[in-house]
Every structure is written in C-alpha cells, then in structure tokens.
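A closer look at the structure
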Amino acid sequence: MVSMIYDCVKKIIKPTILAAKSYHIADASGFVKLDAMENPYVWPEKIKDEWSRCLLQADLNRYPDAKSYELRRELTQAFNFSENTSMILGNGSDELIQIILMALNKNNNVVMVPEPSFVMYRLLSSMMELEFVGVPLNKDFSLDLSAMLESIEKKKPAVIFIAWPNNPTGNSFLEESLIEIINATTGLVVIDEAYHSFAQKSMMSYLHKYPNVLLMRTLSKLGLAGLRLGMLFGASEWISELDKLRLPYNIGTLNQISASFIIKNIGLLEQQAACIRHDREVLFNNLSEVVGVETWRSEANFILFRVPNPGADKVYKELIKKNILIKNLQGSHPLLENCLRVTVGTPEENKLFLSRLRNIVIAS
Ligand code: PMP
C-alpha cells in the first residue's frame, strides 16, 4: 500500500520537489533560543490584557478584510510611509518573496543574489525551477561590485534580491554600490530591509527615484515573529500585478487586529529594539575577546562569528548539550567555513551563551 502511494506520488509530483529537502527548523523547546533573530522580550501583562480584550471583538464567522485596508493605513501612519507608495501585506515577508518569484516564473528568467544571503531566495527559486545565480561576496562579506555588474551584464536577471543589512553576515552593502546595481539592471531590484529596526537606515526614498526598485519590510524582527506580517512597497504598476498572486485572505482577522493593536503601542517595540542594539555592541565586544574567535560588525540583531578548533559543527553540538541553540552555518556557503550566527538575546542570555562558548573553546 505504502509503495503504491509512493509510486503515485513520484508520478505526479515535480522531480524538483521530490528531490528537495523540507526547510529544517530546529526544535527549540527547553533551549536558550538564539537561532532565529527573534526579539527576546515578551509584552508586559497590562499590554497582554488590553490585547486580549481587542481580540474579543473579532467575529471569526466572517472572512477577514481581504485588502487589510485599515491595517495598511495604520502601518503607513505608524511608520511614516509615503501615502503615494503602494503596499501589499504578506503572511511574513517569506510569502512576499514567493509572490514575486511566482510572478516572474517564466522561461529564461534569472534570479540573482549576492551570497551568502537569506536562504529563502535560493530555496524558493529552485522550487519554481527558476535559474538562480549566486554571486559570491568578497571575503570580508562586502559586495563584489565588479562581479555583480559582470553577472548582470551576462545574465540579465529578472530580479536581484539584496538583503540590507544582509543575513547571515549582518553588514549593509555600500549604498553607492546598490545604486550602481539598480542603474545597471533592466530587471527588478528588491531591497529587503528585514533588519531595518536595528540598522536604522532605509532606501525607501529610492522608490520614487528608481521605478525598478521594490522594498520589503517585516514586523518579525521588531518583535512580532509569531504574527507573520511582511510589507512590500513599490510603484502601483508592480504592486497591482503582484497583488493578483496574493491569496485573498492571506492576513487573518486575528493577525489584523493584533497588528493594529500593537502598532498603537509601537513605542514599546522600539524601546526593545534600542535595548537590542545596545546589547549587540556589548555582545560583539565580549565575543571578539574570546580567544581565536573572529567576529564581524553587525547592523542587525545577530552576530556572525567564526570559531577556531574544534570547529563550528563541534561548537554547535556542544552548545546544544548546554541548552543553547544558535545557528550553525558550516557547509551552507564556502565563505562561511566554521561560522555560526548568534541572535542578540537578553543580557542574561547573552552572558550565558558567552560563558558556555568560552568553556567549549578553552577546553579544546
Ligand atoms: N528577509 C530576510 C533577510 C530574513 O533574514 C528573513 C528571516 N530570517 C526574512 C526576510 C523573512 O522574514 P519573515 O519572518 O517576515 O518571513
């Protein structure tokens, strides 16, 4: 019976999907969780009480507001977005990346990304059988501009994704280089500002200057990873086409109410982001002092670092034994040999991580 089903699955499902692996998310229960760029702070009880009272107003027998009109208006106000820029919301920015790629999914279209970068660009392109060109960064993780320009000339990409700051390296590429890229390509450039709250700079103003630029944000890193709310901005000509691919009710009623509620209290999340920015510098300084560890400055809420012997795989496993979960990047890209990425947690979590890391590095 099982083999009969599998024969049928093999016949019907695309070979690319059959050959793919599911995106692995480590089981974090019981761990000090520093692997996924989450904000480590929960809301005060008073805010939680107010929020739960808001949720009681929801009538879940009805479909949500399909276009999230009210929420988009509130987001525009809270974050000072230009009212002349069109916006669609996604169930996380992951969904917006998927929508962009679905729209471009036609013969010979190429997706280009300076790498290492956020894995979802590559993963979703490969699921859709789009040709993907990863252009290696320099060894210090800066953009190799001449390699990018050469690849653009040769491959004529339909879209270039630029995470700004970049994940997992934490740096922001030079703005002048990005402008050269925008000018050099005839395709779209998607600037992914997922870590905007920690970099505190934006290319949003370029949307009016460069018609081939789209800009993406998410509320995940600011403190709402569980909510799943991404935003995509750009000229209405682009956004109205992409909106056709958005499932009509992709932002559920409870999510719309929750997001509306919390952006009225946006000061709380902004304070938390300020604490994280401060603690990032403390963590960076302490991590840089661990013997043999190489660190890279970050404008995001995580830090990339390279470990000496016994190497990233061993350090990762030893940290797991000591209840600390971070991200192991060994094997994910040639430039990331023996690299790991740690999310900035609370000061206590950061100290615990550092002391356990020191013990592992010293013992080996
Ligand atoms: N862009 C970048 C650069 C990211 O690092 C991530 C998540 N790690 C995302 C997008 C996806 O964020 P979301 O939670 O909004 O799907």
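Residues numbered from 1 in each chain as written. Predicted model: local features only at pLDDT ≥ 70, side-chain atom pairs only at ≥ 80, totals over all residues. Heavy atoms only, no water.

Let us look at the site of the ligand. Of all residues adjacent to the ligand, which total 15 residues, the nearest are Asp192, Tyr195, Thr218, Ser220 and Arg228. A distance of 2.6 Å separates a nitrogen atom of the ligand from a polar atom in the side chain of aspartate 192. Here the ligand, which alone exposes 400 Å², has 93% of that area covered by the protein. In this structure the site holding the ligand corresponds to the largest pocket. Among the secondary structure elements, those contributing two or more residues to the shell around the ligand are helix 5 (93-104) and helix 11 (220-224). Grouping the amino acids of the shell around the ligand by side-chain chemistry returns six nonpolar, five polar and four charged. (Near = heavy atom within 4 Å. Polar contact = N/O pair within 3.5 Å; in protein donor to acceptor, adjacent residues only side chain to side chain. Areas by Shrake-Rupley, 256 points an atom, 1.4 Å probe, with all protein chains shown as cover. 1 Å grid on protein atoms, 1.4 Å probe; cavity = no way out; pocket = protein on both sides within 12 Å on 5 of 7 lines; lining within 4 Å. Sits in = over half its atoms within 2 Å of the grid points. Helix = DSSP H or I, 4+ residues; strand = E, 2+ residues; numbered from the N terminus. Nonpolar A, V, L, I, M, F, W, Y, C, P; charged D, E, K, R; others polar.)

Enumeration according to the criterion identifies 11 aromatic pairs in this entry. On the basis of an interplanar angle of 10° and a centroid distance of 4.3 Å, the ring pair of tyrosine 63 and tyrosine 249 is categorised as stacked. Of this pair, tyrosine 63 sits in the loop between helix 3 (45-55) and helix 4 (69-78) while tyrosine 249 sits in the loop between helix 12 (236-243) and helix 13 (253-263), and the two are 186 residues apart along the sequence. Exposure remark for tyrosine 63: the relative accessible area of 64% places this residue in the exposed category. A centroid spacing of 5.5 Å and a plane angle of 20° characterise the contact between phenylalanine 79 and phenylalanine 81, whose relative ring orientation is stacked. A network of ring pairs unites the aromatic residues Trp43, Trp51 and Phe261 as a single cluster. (Phe/Tyr/Trp six-rings, centres within 6.5 Å; stacked < 30°, edge-to-face > 60°. Buried < 20%, exposed > 50% of the residue type's maximum accessible area, 1.4 Å probe, protein only.)

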